[in-house]
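# Residue-level structure breakdown
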Amino acid sequence: MKETLIYICKAVVFGLVMAAVFLLVSRFMGEGNLGGNLLQFRGNSGAELSFAKAVRRAAPAVVNIYSLSINQSRPLNGGSLQGLGSGVIMRKEGYILTNYHVVKKADEIVVALQDGRKFGAEVVGQDPETDLAVLEIQGENLPVVPLNLNSPPQVGDVVLAIGNPYNLGQTITQGIISATGRNGLSTGYLDFLQTDAAINAGNSGGALIDTHGGLIGINTAAFQIGGEGGGHGINFAIPIKLAYAVMGKLIKDGRVIRGALGISGEDVSPVVAQILNLPDLRGVVVTGIEPNGPAALAGLRPRDVITQYQGEDVTRIYMLMDRIAETTPGTKVTLQVIRAGKQIELPVVIGEKPVDYN
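Residues numbered from 1 in each chain as written. Predicted model: local features only at pLDDT ≥ 70, side-chain atom pairs only at ≥ 80, totals over all residues. Heavy atoms only, no water.

An unreviewed UniProt entry lists the protein under the name DegS peptidase, with Shewanella chilikensis given as the organism.

Spelled out as structure tokens, the structure:
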């Protein structure tokens, strides 16, 4: 009798557990919510996936940018649209983030919203180093893109690119994050996201979003070989954390003020470590020094190995350049250097990096 009761109790408990699981799954399928992402299951079969909610959150804030260039020798002939691209409304005050190369030659800029409104835009600031620019428009009830500053994307994350490729109108493409930390494509300050979501001419300055609809990057480039176009599935975006920081500086100062040391260098390789008799592969070897620059005035020499910057270990050249760029010009810093096998400390007053708008 006792064994029969135990068997019945186990059966009842198992049935209750399975019923609870069934209810949870049914609710999950009905709401179309996958792990909190704005991913929908459409149709009765639940087999079709949709990112429609994510797109609806972000797409209204992605604008089309038309740059009008006027021939100064024949100004009465009007101008021609060029530098066609995209932008993202970041703040309700009308600040728009886009690429520098989209607007750098524009005499006039027109911004078209997805609701049909058009505005003339003013350039607030430009930063060729990161290929970013901030525009401003005057309007009411402007859509603002949701931000995702605290959750860095990871390889394998699903992403959507929103823009205006080839002036076809707003278009959504889907892919994944293929790699992170792709730097050195144009400057040492960038830490690109690589994605296989299609990014074509006109997508520049548009939004790369996650499946919540949160902005995670500004689309900027497609990999090309020779005279070929894109289409290789290798496309790049500027991470939103970097883009947001640059935007704040452009709004405040109209430009990004960067520190400069006046050196060129390379990572320590096993061969260099052996030649210079270094204890390990840590540090950056100085390969060139700008005459009369901060490094030259401080007595830094070629073949010196910088191992610490303000007490922080130097791991790679791009890490060192980032720290220098983030230092306010005029700041006195201390470099720990290995010279001819001996460790020395050099005080250096950081200079200001000039901006090249060409």
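What follows picks up the thread again.
Here we take up the nonpolar core. Core analysis: the largest hydrophobic core is formed by 42 residues, its most contacted members being Val 111 and Leu 215. The biggest single contributor to this core is helix H4 (residues 240-253), with five residues. The residues touching Val 111, leaving out its near neighbours within four places in the chain, are Val 63, Asn 64, Ile 65, Ile 96, Arg 117, Lys 118, Phe 119, Ala 121, Leu 135 and Ile 137. By size, the runner-up hydrophobic cluster in this structure holds 19 residues, among which are Leu 300, Tyr 309, Val 314 and Ile 324. (Core = buried A, V, L, I, M, F, W, Y, C linked by side-chain atoms within 4.5 Å. Buried < 20%, exposed > 50% of the residue type's maximum accessible area, 1.4 Å probe, protein only. Helix = DSSP H or I, 4+ residues; strand = E, 2+ residues; numbered from the N terminus. Contact = heavy atoms within 4.5 Å.)

The subject of this paragraph is unusual backbone geometry. For Asn 141, which is not glycine, the phi dihedral falls at a positive 50°. Along the chain, Asn 141 turns up in the loop between strand E8 (132-136) and strand E9 (158-163). Backbone geometry at Arg 303 places phi at a positive 80°, although glycine is not the residue there. Residue position: Arg 303 is located in the loop between helix H6 (294-298) and strand E18 (305-309).

This brings us to the pairing of strand E17 (residues 284-289). Bridge count for strand E16 (residues 263-267) against E17 is five bridges, and the pairing is antiparallel. The partner of Ile 263 across the bridge, within E17, is Ile 289. Here E17 pairs with E18 via two bridges, running antiparallel. Within E18, the position partnered with Val 284 by the bridge is Ile 306. (Pairing = 2+ DSSP bridges.)

Attention now moves to the packing of aromatic side chains. The full count for this structure, using the stated rule, is one aromatic pair. Note on Phe 192 and Phe 236: the rings are 5.7 Å apart at their centroids and 70° apart in plane angle, and the pair reads as edge-to-face. With Phe 192 in strand E11 (residues 192-195) and Phe 236 in strand E14 (residues 235-239), this residue pair connects regions lying 44 residues apart in the sequence. You can call Phe 192 buried: its relative accessible area is 5%. (Phe/Tyr/Trp six-rings, centres within 6.5 Å; stacked < 30°, edge-to-face > 60°.)

When the terminal C-alpha atoms of H4 are compared, their 20 Å separation across 14 residues agrees well with the 20 Å that a helix rising 1.5 Å per residue should span. Those residues of H4 lying buried are Ile 240, Ala 243, Val 246, Met 247 and Leu 250. Take H4 and look down its axis: the buried residues cluster within an arc of 125°, on one side only. Seen from the buried face of H4, the exposed residues on the opposite side, beyond 90 degrees, are Lys 241 and Lys 252. The first or second residue beyond H4 is Gly 254, which carries a positive phi of 80°. (Expected span 1.5 Å × (residues − 1). Arc of directions from axis to C-beta.)

Counted under the stated rule, the structure contains nine salt bridges. With a closest N to O distance of 3.0 Å, Arg 117 and Asp 115 form a salt bridge. A relative accessible area of 27% means that Arg 117 is categorised as partly exposed. A salt bridge links Arg 282 to Asp 313, with the shortest nitrogen-to-oxygen separation between them at 3.5 Å. On the criterion of sequence distance, the pair formed by Arg 282 in the loop between helix H5 (270-275) and E17 and Asp 313 in strand E19 (residues 312-313) is long-range, its members being 31 residues apart. A relative accessible area of 37% places Asp 313 in the partly exposed class. (Salt bridge = Lys/Arg side-chain N within 4 Å of Asp/Glu carboxyl O.)

Take the confidence of the model for the protein next. Per-residue confidence for the protein averages 83 on the pLDDT scale, and 77% of its residues sit at or above 70. Here residues 28-36 scores under 50 on pLDDT; set against residues more than four positions off or in separate chains, the count is 13 contacts. (pLDDT = per-residue confidence, 0-100.)

So, about the environment of Ile 240. Tracing the backbone through its elements, the reader meets Ile 240 in helix H4. Spatially, the C-alpha atom of Ile 240 lies 8.2 Å from that of Leu 147, the residues being 93 residues apart in sequence.

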